[in-house]
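Chain residues, written in single-letter form:
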Amino acid sequence: MIPTLRECLGILTAGVVASSVGCSDDGKVAESKSIDDAGAGATGGGIDGGAAAGGFPSSGGSPAGGSSGGGASGAAASSSGGGPSGGSSGQAGANCGTGGAGSIQCGTGGPCQFPQGVPDPDFIGAACTYQDTDPTVDAAVNAAMVKLSGCNVLSDCDLSAFAGADVGQTCQNWFAAVTAELRAQGFCAGQHEVGYTDEIAVSNTCCEGHWYGYHICNYGGPKVVWNPGARRGWWAIKPSYCTK
């Protein structure tokens, strides 16, 4: 899959900017394959802070398109941060930091799930950095993970209790449990593509507002990735998807 100009100018993760991955004149760049299928580069409890460039919001994304590629197959982000909180800066290109802010008109509040089938052009805004999230949502995600795992925040927390057929399925089981817990608390929570993408999306406003992304599973474990290392900025989508 070849990114469009929007993705090429958007965020490419872990400090990689568009110019360094060879954007052509027509704004396209060959998609990079993420690593860490079986934990290569992952060395400890829930590190998994880095991410590979070249994804789309619907395929496991970081803000505006640069993402780890996870999903049910178990492929995941490259681990670049030490310690359970992870760590990745998420550098931005053009057209970030806009959309879904200020003039939000909530037709639906929480709880809700992320609408399925939103194509990439209909992600109308994204954060400029991974760190652009809401601290209250960061804390709520950590609290939900503490409740479900029985582990302390920032601990080396194994997810064997959520084991699936492979590491990818274990992470998907974890995403489903955490988002269900958040919805039970009144949040909007889900995934851009249920059962595939390697992050969760959470909103404390409504479907039409900012959806904050969290890469909460280290595919090299599988283990919990805690905030702040799990943060992946935010997205906004066309409001029309929120009334379907």
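Residues numbered from 1 in each chain as written. Predicted model: local features only at pLDDT ≥ 70, side-chain atom pairs only at ≥ 80, totals over all residues. Heavy atoms only, no water.

Undergrad: Sorry if this is basic, but what is going on with the packing of aromatic side chains here?
TA: The description of an aromatic ring pair rests on the distance of the ring centres and on the angle between the ring planes. Inspection of the entire model under this criterion finds three aromatic pairs. Considering the side-chain rings of Phe-114 and Phe-123, the 6.1 Å spacing of their centres and the 20° angle between planes classify their relative orientation as stacked. On the accessibility criterion, Phe-123 (4% relative accessible area) is buried. Ring plane angle 65° and centroid distance 4.9 Å describe the contact between Phe-162 and Trp-174, whose orientation is recorded as edge-to-face. Of this pair, Phe-162 sits in the loop between α2 (135–149) and α3 (167–184) while Trp-174 sits in helix α3; the two residues are 12 residues apart in sequence, bridging distant segments of the chain. Each member of the pair, Phe-162 as well as Trp-174, carries the same accessibility label: buried. Over the ring of Tyr-130 we find Arg-232; its NZ or CZ atom is 4.4 Å from the centre of that ring. (Phe/Tyr/Trp six-rings, centres within 6.5 Å; stacked < 30°, edge-to-face > 60°. Buried < 20%, exposed > 50% of the residue type's maximum accessible area, 1.4 Å probe, protein only. Helix = DSSP H or I, 4+ residues; strand = E, 2+ residues; numbered from the N terminus. Lys NZ or Arg CZ within 6 Å of the ring centre and 35° of its normal.)

Undergrad: Help me understand the pattern of salt bridges in this model?
TA: Side-chain pairing between opposite charges can occur once the charged atoms of the two side chains come close. Using the criterion set out here, one finds three salt bridges in the structure. A salt bridge links Lys-238 to Asp-122; the nearest nitrogen and oxygen atoms lie 3.1 Å apart. In this pair, Lys-238 is assigned in the segment after β7 (231–237) and Asp-122 in the loop between α1 (5–9) and β1 (123–126), connecting sequence segments 116 residues apart. We classify Lys-238 as partly exposed; its relative accessible area is 36%. Judged by its relative accessible area of 11%, Asp-122 falls in the buried class. With a closest N to O distance of 2.9 Å, Lys-223 and Asp-156 form a salt bridge. Separated by 67 residues along the polypeptide, Lys-223 in strand β6 (residues 223–224) and Asp-156 in the loop between α2 and α3 bring together distant segments of the chain. (Salt bridge = Lys/Arg side-chain N within 4 Å of Asp/Glu carboxyl O.)

Undergrad: How should I be thinking about the nonpolar core in this particular structure?
TA: One broad trend across soluble globular proteins is that nonpolar side chains are buried collectively. Formed by 32 residues in total, the largest nonpolar core has its most connected members in Val-141, Trp-174, Leu-182, Ile-200, Val-202, Tyr-214 and Ile-216. Put simply, the parts of the chain that give this core at least two residues each are α2, α3, β3 (200–203), β4 (211–214) and β7. The element best represented in this core is α3, accounting for seven residues. Counting 13 residues, the second-largest nonpolar core is a separate cluster that includes Cys-112, Phe-114, Trp-235 and Cys-242. (Core = buried A, V, L, I, M, F, W, Y, C linked by side-chain atoms within 4.5 Å.)

Undergrad: How should I be thinking about the sheet that holds strand β2 (residues 188–190) in this particular structure?
TA: The strand order β1-β7-β4-β3-β2 describes an open sheet built from five strands, whose pairing is antiparallel. Looking at strand neighbours, the two that pair on one side only are β1 and β2, the edges of this open sheet. In this sheet, neighbouring strand axes are inclined to one another by 30° on average, regardless of whether the strands run parallel or antiparallel. (Pairing = 2+ DSSP bridges. Axes fitted to C-alpha atoms, helices over the stretch in contact; angles between N-to-C directions.)

Undergrad: Looking at this structure, I do not really get the side chain of Gln-191. What am I missing?
TA: Residue position: Gln-191 is located in the loop between β2 and β3. Since its relative accessible area comes to 4%, Gln-191 is described here as buried. Within the structure, the side chain of Gln-191 is placed 2.8 Å from the backbone oxygen of Thr-197, a separation counted as a polar contact. Dropping the residues within four chain positions of it, Gln-191 is found in contact with Phe-114, Gln-116, Gln-172, Phe-175, Tyr-196, Thr-197, Glu-199 and Ile-200. (Polar contact = N/O pair within 3.5 Å; in protein donor to acceptor, adjacent residues only side chain to side chain. Contact = heavy atoms within 4.5 Å.)

Undergrad: Sorry, what's going on with the environment of Trp-235 here?
TA: With respect to the helices and strands, the residue Trp-235 is situated in strand β7. In this structure the C-alpha to C-alpha distance between Trp-235 and Gly-97, which are 138 residues apart in sequence, comes to 9.2 Å.

Undergrad: Got a minute to help me understand the pairing of β4 in this structure?
TA: Consecutive residues of a regular strand have side chains that alternate between opposite faces of the sheet. Alternating positions in β4 separate into two faces, Trp-211 and Gly-213 on one and Tyr-212 and Tyr-214 on the other, with burial throughout. Here β3 runs beside β4; their pairing, made up of three bridges, is antiparallel. In the sheet register, Ala-201 faces β4, and the bridge partner there is Gly-213. Across three bridges, the pairing between β4 and β7 is antiparallel. Each bridged residue has a counterpart across the sheet, and for Trp-211 the counterpart in β7 is Trp-235.

Undergrad: Help me out: how do you make sense of the confidence of the model for the chain in this one?
TA: Should pLDDT be low for a region, the predicted coordinates there are not to be read in detail. The predicted model of the chain has a mean per-residue pLDDT of 70, with 57% of residues at 70 or higher. Across residues 1–56, confidence stays below pLDDT 50; counting only partners more than four residues off in sequence or on other chains, it has 176 contacts. Note that pLDDT drops below 50 for residues 58–94; the model gives that stretch 182 contacts with residues more than four away or on any other chain. (pLDDT = per-residue confidence, 0-100.)

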